[in-house]
Amino acid sequence: MPIRTATARWQGTLTEGSGTIATGKGGLQGNYSFKSRFEEGEGTNPEELIAAAHSGCFSMAFSKQLTDAGFPPTAVVTNANVHLDKTDAGMTVTRIDLVTTGTVPGIDEAEFQKLAEAAKAGCPISRLLSPGADITLDATLAA
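Just so you know, these numbers come straight off a predicted model, no measurement behind them. (Residues numbered from 1 in each chain as written. Predicted model: local features only at pLDDT ≥ 70, side-chain atom pairs only at ≥ 80, totals over all residues. Heavy atoms only, no water.)

1. A closer look at the sheet that holds strand β1 (residues 6-11)
An order of β1-β2-β3 is seen for the 3 strands of this open sheet, with the pairing classed as antiparallel. The sheet is open, and its two edges are formed by β1 and β3 (29-33), each paired on a single side. Shown here is a sheet whose adjacent strand axes are inclined to one another by a mean of 20 degrees, direction ignored. Pairing between strand β2 (residues 18-23) and β3: 5 bridges, direction antiparallel. By the bridge assignment, Ala22 is partnered in β3 with Gln29. (Pairing = 2+ DSSP bridges. Helix = DSSP H or I, 4+ residues; strand = E, 2+ residues; numbered from the N terminus. Axes fitted to C-alpha atoms, helices over the stretch in contact; angles between N-to-C directions.)

What follows is the structure, given as structure tokens:
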């Protein structure tokens, strides 16, 4: 398997400085700053990138679970909400809430929920993050 890369460059102090983040193949690039990370300023931040990675990984894992069970999805749309909180250890990602909607012909609600939980458990990004962060899942079967 290939090794994936990204690069970040920061210039200046923590509160007054700024930086750029780019994925190795150039698919994503963004500016970031203290304000974009800890307030509501323009730009991206590491936690948004974790959310993007987690929502993308989960959507693919769920699609595979559904297809392998005989229910190929029309669409899986996932939002990941990453919670960065101040703890005794410092700023920490404490929780990630996955909110997903699947358009899946022919599946019943119980099977849909079972496969969503299996995808959460099997997603490589979930496995990476779950030892340190609580990961919740709200899965909705689209009508």
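Having put the structure on the table, let's press on.
2. Section: the environment of Thr74
Examined against the element boundaries, Thr74 turns out to sit in the loop between α2 (46-68) and β4 (75-87). Taking the relative accessible area as the measure of exposure, Thr74 reaches 60% and is therefore exposed. (Buried < 20%, exposed > 50% of the residue type's maximum accessible area, 1.4 Å probe, protein only.)

3. Section: the packing of aromatic side chains
Using the criterion set out here, one finds 4 aromatic pairs in the structure. Summarising the aromatic geometry, the rings of Phe34 and Phe38 are spaced 5.0 Å apart at their centres and angled 45 degrees between planes, so their arrangement reads as tilted. Of this pair, Phe34 and Phe38 both sit in helix α1 (residues 34-38), separated by 4 residues, roughly a single helical turn. Among the residues examined, Phe38 registers a relative accessible area of 32% and is labelled partly exposed. Between the aromatic rings of Phe58 and Phe62, the centroid separation amounts to 5.5 Å while the plane-to-plane angle is 40 degrees, which identifies the pairing as tilted. Note that Phe58 and Phe62 are positioned in helix α2 at a spacing of 4 residues, about one turn of the helix. Judged by its relative accessible area of 0%, Phe58 is buried. We classify Phe62 as buried; its relative accessible area is 0%. Feature note: the residues Phe58, Phe62 and Phe112 constitute an aromatic cluster, connected by ring pairs. (Phe/Tyr/Trp six-rings, centres within 6.5 Å; stacked < 30°, edge-to-face > 60°.)

4. Thoughts on the sheet that holds strand β5 (residues 90-103)
The sheet built from 3 strands is open, its strands ordered β4-β5-β6 with mixed pairing. Since the sheet does not close on itself, it has two edges, and those belong to β4 and β6 (134-141), each with one partner. Ignoring which end each strand starts from, the neighbouring axes of this sheet average 15 degrees apart. Taken together, the 8 bridges between β5 and β6 define a ladder with parallel strand orientation. Note that in β6 the partner of Thr100 across the bridge is Ala139. Strands in contact with α2 are β4, β5 and β6; relative to β4, the strand with the most contacts, it is inclined by about 140 degrees. Lying on the sheet, helix α3 (residues 109-122) is in contact with β5 and β6; it crosses β6 at an angle near 150 degrees. (Contact = heavy atoms within 4.5 Å.)

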